[in-house]
Amino acid sequence: MLLPTGYITGTNLAMTATWAGASNASLGVTPGTYTWSWGAGATADYVQLNVNAAPTPEPETYALFAFGIGATEWLRRRKRKAPNADA
């Protein structure tokens, strides 16, 4: 295994990974913290996996989206009903 430049023996290593377009379900994981440990005494070690819950849109997001759709439709209808200035 390659260690980062400047690594000091005995300090924690941290790694973050993100899979674009994947969900917790498609990766087969559920939110939580999972720890695997091995060894004993001075040679004991562990790896920890933290799975975060997928972000959920807040109600304000839906309201803003609905407002945008409504405003777009209003402008479209208004433009269609406007008298032609060239006539």
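Being a predicted model, the structure only gives us computed values, none of them experimental.

How each quantity is defined
Residues numbered from 1 in each chain as written. Predicted model: local features only at pLDDT ≥ 70, side-chain atom pairs only at ≥ 80, totals over all residues. Heavy atoms only, no water. Helix = DSSP H or I, 4+ residues; strand = E, 2+ residues; numbered from the N terminus. Buried < 20%, exposed > 50% of the residue type's maximum accessible area, 1.4 Å probe, protein only. Contact = heavy atoms within 4.5 Å. Areas by Shrake-Rupley, 256 points an atom, 1.4 Å probe, with all protein chains shown as cover. Pairing = 2+ DSSP bridges. 1 Å grid on protein atoms, 1.4 Å probe; cavity = no way out; pocket = protein on both sides within 12 Å on 5 of 7 lines; lining within 4 Å. Points joined across faces, edges and corners; volume = space filled by probe spheres on them. Nonpolar A, V, L, I, M, F, W, Y, C, P; charged D, E, K, R; others polar. Phe/Tyr/Trp six-rings, centres within 6.5 Å; stacked < 30°, edge-to-face > 60°. Patch = residues over 30% accessible without salt bridge, like charges linked within 9 Å, V, L, I, M, F, W, Y side chains within 5 Å. Salt bridge = Lys/Arg side-chain N within 4 Å of Asp/Glu carboxyl O. pLDDT = per-residue confidence, 0-100.

J.: Any chance you could explain the overall build of the protein here in plain terms?
T.: From N to C terminus, the protein includes two helices and two strands. In the protein, the order of α-helices and β-strands from amino to carboxyl end is α-β-β-α. Put simply, the protein has 87 residues, and 1% of those count as buried. When contacts within the protein are restricted to residue pairs at least 6 apart in sequence, those whose partners lie at least 24 apart make up 11%. Surface accessibility of the protein: about 8,400 Å² in total, with carbon and sulfur atoms responsible for 61%.

J.: For this particular structure, what's the right way to read the pairing of strand β1 (residues 32-38)?
T.: Successive side chains on a regular strand alternate, one facing one side of the sheet and the next facing the other. Both β1 and strand β2 (residues 45-51) contribute to a ladder of seven bridges, which runs antiparallel. Its bridge partner being in β2, W38 is matched across the sheet by D45. Linking β1 back to β2 in an antiparallel pair, the connection comprises six residues, with G39 at a positive phi of about 80 degrees.

J.: Quick question: what am I supposed to make of the layout of surface pockets here?
T.: The rolling of a water-molecule-sized probe over the atoms marks out the regions of remaining empty space. Reported here for the largest pocket is a volume of approximately 1,200 Å³. Taken together, 32 residues line the largest pocket, and the ones lying closest to its centre are M15, T16, Q48, L49 and N50. Sorting elements by how many residues they give to the lining of the largest pocket places β2 first, with seven residues. For the lining of the largest pocket, a count of residues per class yields 21 nonpolar, 10 polar and one charged.

J.: I would appreciate a short explanation of the packing of aromatic side chains in the present structure.
T.: Overall, the coordinates contain one aromatic pair when judged by the stated rule. Note on Y34 and W36: the rings are 6.4 Å apart at their centroids and 25 degrees apart in plane angle, and the pair reads as stacked. A relative accessible area of 29% means that Y34 is categorised as partly exposed.

J.: Honestly, a nonpolar patch on the surface in this entry has me stumped. Any pointers?
T.: On the surface, W36, W38, V47 and L49 cluster together into a nonpolar patch covering about 410 Å² of accessible area. Secondary structure elements with two or more residues in the nonpolar patch: β1 and β2. With respect to the element layout, V47 can be found in strand β2. Judged by relative accessible area, V47 falls into the partly exposed class, the value being 41%.

J.: Where do I start with the confidence of the model for the protein in this structure?
T.: The predicted coordinates ought not to be read in detail in places where the model reports low pLDDT. Confidence in the prediction of the protein, expressed as mean pLDDT, is 81, and 86% of residues score 70 or more. At the level of individual helices and strands, the protein shows its lowest average pLDDT in helix α2 (residues 59-81), which scores 79, and its highest in β1, which scores 93.

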